[in-house]
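Here is how the chains run, residue by residue.
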Amino acid sequence: AQKVTQAQTEISVVEKEDVTLDCVYETRDTTYYLFWYKQPPSGELVFLIRRNSFDEQNEISGRYSWNFQKSTSSFNFTITASQVVDSAVYFCALSEGGSGGSNYKLTFGKGTLLTVNP
Amino acid sequence: KAGVTQTPRYLIKTRGQQVTLSCSPISGHRSVSWYQQTPGQGLQFLFEYFSETQRNKGNFPGRFSGRQFSNSRSEMNVSTLELGDSALYLCASSRLAGRADTQYFGPGTRLTVL
């Protein structure tokens, strides 16, 4: 069975600090996809990034960067120079399942509440 | 392109009643998934529909059901509501129904059962 663990339940930082959110996953599949979503107080889950299990190249997008390591089953997310608007709950998710759509679903971690204080 | 829309945004019901929630996917998306979010259990998968067929179902009782229409719009129904059904119900759509497809979420329907 697939599982996603976000060990940090809450993180509080001061604006302009860098912050890393941890995600560890478990899966038996060799092909799978990992996602990060952000949920601001409004409630809507906002897609941030998707990574497939064959692509371990780390990515930087503006102030965001992601570190995917298959050897440790981790998919960590870093915000550089955090801002108050980054305050939200961040979810890591794992997608696996058969081809053609059967048994396809997202399994989410419990989320990390990030609070960025001015 | 308009995002995923969900109606209503808020609902208050009493125990024993039933409720229907609606979801309109992003134009061109054919897969719709539903998730329940509660403080205790987090985000849990309810079911997924593609081309009007339920492809996958989470571990929820039969009181939770859904359907998808030919225009890809989806509804979920919860019968005989219980206090524990109070939650944020999120709908997500994706272009197809594969593990590689990104799911885009709507704003959710917050259901309160009294």
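Residues numbered from 1 in each chain as written. Chains lettered and ligands numbered in written order. Predicted model: local features only at pLDDT ≥ 70, side-chain atom pairs only at ≥ 80, totals over all residues. Heavy atoms only, no water.

Caption draft 1: Representation of the nonpolar core within the structure. Ranked by size, the top nonpolar core spans 23 residues in total, and within it A:Trp36, A:Phe75, A:Phe77, A:Tyr90 and A:Leu114 carry the most contacts. Looking at this core, the elements with two or more residues in it are strand E2 (10–14), strand E3 (19–21), strand E5 (33–39), strand E8 (64–69), strand E9 (74–79), strand E10 (88–96) and strand E12 (112–117) of chain A. In terms of residue count, E10(A) provides more of this core than any other element does, four residues in total. Membership of the second largest hydrophobic core comes to 21 residues, among which are B:Tyr49, B:Phe64, B:Met76 and B:Ala87. (Core = buried A, V, L, I, M, F, W, Y, C linked by side-chain atoms within 4.5 Å. Buried < 20%, exposed > 50% of the residue type's maximum accessible area, 1.4 Å probe, protein only. Helix = DSSP H or I, 4+ residues; strand = E, 2+ residues; numbered from the N terminus.)

Caption draft 2: Geometry of the packing of aromatic side chains. In this structure the tally under the stated criterion is 21 aromatic pairs over all chains. Aromatic side chains A:Tyr37 and A:Phe108 sit 5.9 Å apart centroid to centroid with 55° between the ring planes, which places their arrangement in the tilted category. Placement of the pair is A:Tyr37 in strand E5 and A:Phe108 in strand E11 (residues 105–108), with a sequence separation of 71 residues. The pair A:Tyr37 / A:Phe108 is uniform in exposure class, with both members buried. For the pair A:Tyr64 and A:Phe77, a centre-to-centre distance of 5.2 Å together with 80° between the ring planes defines the contact as edge-to-face. Of this pair, A:Tyr64 sits in strand E8 while A:Phe77 is found in strand E9, placing the two residues 13 residues apart along the sequence. Residue A:Tyr64 is classed as buried on the basis of its relative accessible area of 16%. Taken together, A:Phe35, A:Tyr37, A:Phe47, A:Phe91, A:Phe108, B:Tyr35, B:Phe45, B:Tyr104 and B:Phe105 form an aromatic cluster joined through their ring pairs. (Phe/Tyr/Trp six-rings, centres within 6.5 Å; stacked < 30°, edge-to-face > 60°.)

Caption draft 3: Local environment of the pairing of E8(A). All names here are of chain A. As defined by bridge partners, strand E7 (residues 59–61) adjoins E8 across three bridges and the pair is classed as antiparallel. From the neighbouring strand, Ser 61 faces E8, where its bridge partner is Tyr 64. Following E7, the chain reverses through two residues before pairing antiparallel with E8; Gly 62 in that reversal takes a positive phi of roughly 65°. Bridge count between E8 and E9: six bridges; the pairing is antiparallel. Along E9, the bridge assignment pairs Phe 68 with Phe 75. (Pairing = 2+ DSSP bridges.)

Caption draft 4: Expanded view of the interface of chain A and chain B. The interface is formed by 25 residues belonging to chain A together with 24 residues belonging to chain B. Across the chain A to chain B interface the summed buried area is about 2,100 Å²; carbon plus sulfur atoms make up 51%. Summed over the shared surface of chain A and chain B, the result is zero salt bridges. Residue assignment for the side of chain A that touches chain B shows that the elements contributing at least two residues are E5, strand E6 (46–52), E10 and E11 of chain A. Examining the composition of the side of chain A that touches chain B, we find that four residues originate from one element, E5(A), more than from any other. A per-class count over the side of chain A that touches chain B returns nine nonpolar, 10 polar and six charged. (Contact = heavy atoms within 4.5 Å. Buried area = accessible area lost by both parts, 1.4 Å probe. Salt bridge = Lys/Arg side-chain N within 4 Å of Asp/Glu carboxyl O. Nonpolar A, V, L, I, M, F, W, Y, C, P; charged D, E, K, R; others polar.)

Caption draft 5: Quick peek at the pattern of salt bridges. Applying the stated criterion across every chain, the model contains five salt bridges over all chains. In this structure, the salt-bridge partner of A:Arg63 is A:Asp86, at a minimum N-O distance of 2.8 Å. Pair noted here: A:Arg63 is in the loop between E7 and E8 and A:Asp86 is in the loop between E9 and E10, with a separation of 23 residues, a long-range link. The residue B:Glu75 makes a salt bridge to B:Arg73 at a minimum N-O spacing of 3.4 Å. Judged by its relative accessible area of 24%, B:Arg73 is partly exposed. Each of B:Arg63, B:Glu82 and B:Asp85 takes part in a single network of salt bridges with overlapping partners.

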